[in-house]
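# Coordinate inspection notes
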Amino acid sequence: MGNGVREGQVDFKGQDVEPAASAHLPAEGIQEQKKVLNSLMSGALAGAVAKTAVAPLDRTKIMFQGKSCWLLQATEAYRLIYRTYLNEGFWSLWRGNSATMVRVIPYAAIQFCAHEEYKQLLGSYYGFQGKALTPFPRFIAGSLAGTTAAMLTYPLDMVRARMAVTPKEMYSNIVHVFIRISREEGLKTLYRGFTPTILGVIPYAGLSFFTYETLKKLHADHSGKSQPSPPERLLFGACAGLIGQSASYPLDVVRRRMQTAGVMGHTYSSILLTMQEIIREEGLIRGLYKGLSMNWVKGPIAVGISFTTFDLTQILLRKLQHSTNVER
């Protein structure tokens, strides 16, 4: 009956006649899986390296935010670090970092991977496939990535905050924190401060990714180079961290106060009431921007390391995969 050859059959010349598109589907699927896996691995490493590098400053910032006294000056921060070192030892400066790693590795992996996927989705929606997104989609991709990661890992952030502001005798390990909070304060306590976290993540992640991607694009447009150097990536990431954290900092203070309320002798029932109490007791600037000067040191370093580590790891993994494919 004519030349009616079905898919998967061989014609009279002995040639395979499956459609070309179907032959590429498995390869495309494998490539997409590799891309997602690369993003997850690169993001996890980026978060771990960045957070470990600034862990002492991070712990000090949380201690500042959880207290009602005025300790904004950077000199006071470093005195606090030194006193902690003298009283509790050198490794106490990294207390809570194990909980940070448990949280930040999945958080960073999800955030960076989600950002790559959201960029692709928004690029397809707006017709920018293979090109840099315009400013608004660039901001939306970052905000969605941060929100996705925060929603999936929030209880781990709560645990980290508790371990950072309490003596080691109170909580022996991460599991102990979960057990005590669940037993003494209820499971819903693990999500205390969730709303200000999400409200803070939207401008923070949005502006951070937006600034970094924008600076890379401007660099490519003006220098003619397709990729910035590692020091330039660090600089771009530092700018991104400075802008993102400055914009969302008051909500970060509110989040920490709500997370640590149970062990610091306070009760905060909502975002607005928490803000009102902080402003009433400590003032607008001294309360809601407590520790910001130290964050201007910690934040840019952490975000710069994070973005740079992610990009360089992605490039390395692609090269390794390419060399493996060539050898085959």
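Residues numbered from 1 in each chain as written. Predicted model: local features only at pLDDT ≥ 70, side-chain atom pairs only at ≥ 80, totals over all residues. Heavy atoms only, no water.

### Observations regarding the layout of surface pockets
In this structure, the largest pocket spans a volume of roughly 910 Å³. Lining of the largest pocket is provided by 38 residues; of these, Glu116, Lys119, Glu213, Lys216 and Arg318 occupy positions nearest its centre. A breakdown of the residues in the lining of the largest pocket according to their chemical character gives eleven nonpolar, 15 polar and twelve charged. Split by domain, the lining of the largest pocket shows at least three residues from each of two domains, domain 1 (88–191) and domain 2 (193–316). (1 Å grid on protein atoms, 1.4 Å probe; cavity = no way out; pocket = protein on both sides within 12 Å on 5 of 7 lines; lining within 4 Å. Points joined across faces, edges and corners; volume = space filled by probe spheres on them. Nonpolar A, V, L, I, M, F, W, Y, C, P; charged D, E, K, R; others polar. Domains from an automatic or database assignment.)

### A few points about empty space enclosed by the protein
Counted by the stated rule, this structure contains two cavities of 30 Å³ or more. Within this model, the largest cavity holds a volume of roughly 640 Å³. Lining the largest cavity we find 38 residues, and of these Lys51, Arg103, Tyr107, Tyr204 and Gln245 sit closest to its centre. Taken together, the elements giving at least two residues each to the lining of the largest cavity come down to helix H1 (20–53), helix H2 (55–66), helix H4 (97–126), helix H5 (135–165), helix H7 (194–223), helix H8 (230–264) and helix H11 (292–327). Considering each element in turn, the lining of the largest cavity owes the most residues, eight residues, to H7. Residues of the lining of the largest cavity, tallied by class, amount to 18 nonpolar, ten polar and ten charged. Each of domain 1 (88–191) and domain 2 (193–316) gives at least three residues to the lining of the largest cavity. (Helix = DSSP H or I, 4+ residues; strand = E, 2+ residues; numbered from the N terminus.)

### With respect to the packing of aromatic side chains
One pass over the full model with this rule turns up nine aromatic pairs. Their ring planes at 90° and their centres at 5.8 Å tell us that phenylalanine 112 and phenylalanine 307 sit as a pair that is edge-to-face. A residue pair is termed long-range when its members are at least 10 positions apart, and phenylalanine 112 in helix H4 and phenylalanine 307 in helix H11 qualify at 195 residues. With a relative accessible area of 5%, phenylalanine 307 lands in the buried category. Aromatic pair phenylalanine 209 and phenylalanine 307: ring centres 5.2 Å apart, planes at 80°, arrangement edge-to-face. Here phenylalanine 209, found in helix H7, pairs with phenylalanine 307, found in helix H11; they are 98 residues apart in sequence, far enough to count as distant. Take phenylalanine 209: its relative accessible area is 3%, and that puts it in the buried class. Among the aromatic residues, ring-to-ring pairing joins Phe112, Phe209, Tyr212, Phe307 and Phe310 into one connected group. Over the ring of tyrosine 107 we find arginine 103; its NZ or CZ atom is 4.6 Å from the centre of that ring. (Phe/Tyr/Trp six-rings, centres within 6.5 Å; stacked < 30°, edge-to-face > 60°. Buried < 20%, exposed > 50% of the residue type's maximum accessible area, 1.4 Å probe, protein only. Lys NZ or Arg CZ within 6 Å of the ring centre and 35° of its normal.)

### Some remarks on the confidence of the model for the protein
Averaged over every residue, the pLDDT of the protein is 81; the share at 70 or more is 81%. Scored below 50 in pLDDT, residues 1–25 makes twelve contacts in the model with residues more than four places away or belonging to other chains. Here residues 68–72 is a poorly scored stretch, pLDDT under 50, and it has 14 contacts once near neighbours within four places are set aside; other chains count. (pLDDT = per-residue confidence, 0-100. Contact = heavy atoms within 4.5 Å.)

### Some remarks on the environment of alanine 240
Along the chain, alanine 240 falls in helix H8. Residues alanine 240 and threonine 214 lie 26 residues apart in sequence; the distance between their C-alpha atoms is 9.6 Å.

### Regarding the side chain of glutamate 282
Checked against the element boundaries, glutamate 282 lands in helix H9 (residues 271–282). A residue is classified by how much of its surface remains accessible, and glutamate 282, at 12% relative accessible area, is buried. Side chain to side chain, glutamate 282 and arginine 257 meet in a polar contact 3.0 Å long. (Polar contact = N/O pair within 3.5 Å; in protein donor to acceptor, adjacent residues only side chain to side chain.)

### A look at the environment of glycine 123
Mapped onto the elements, glycine 123 comes out in helix H4. For the pair formed by glycine 123 and arginine 138, sequence separation is 15 residues and the distance between their alpha carbons is 9.5 Å. Those residues in contact with glycine 123 that lie beyond four places of it in its chain are Phe128, Gln129 and Leu133.

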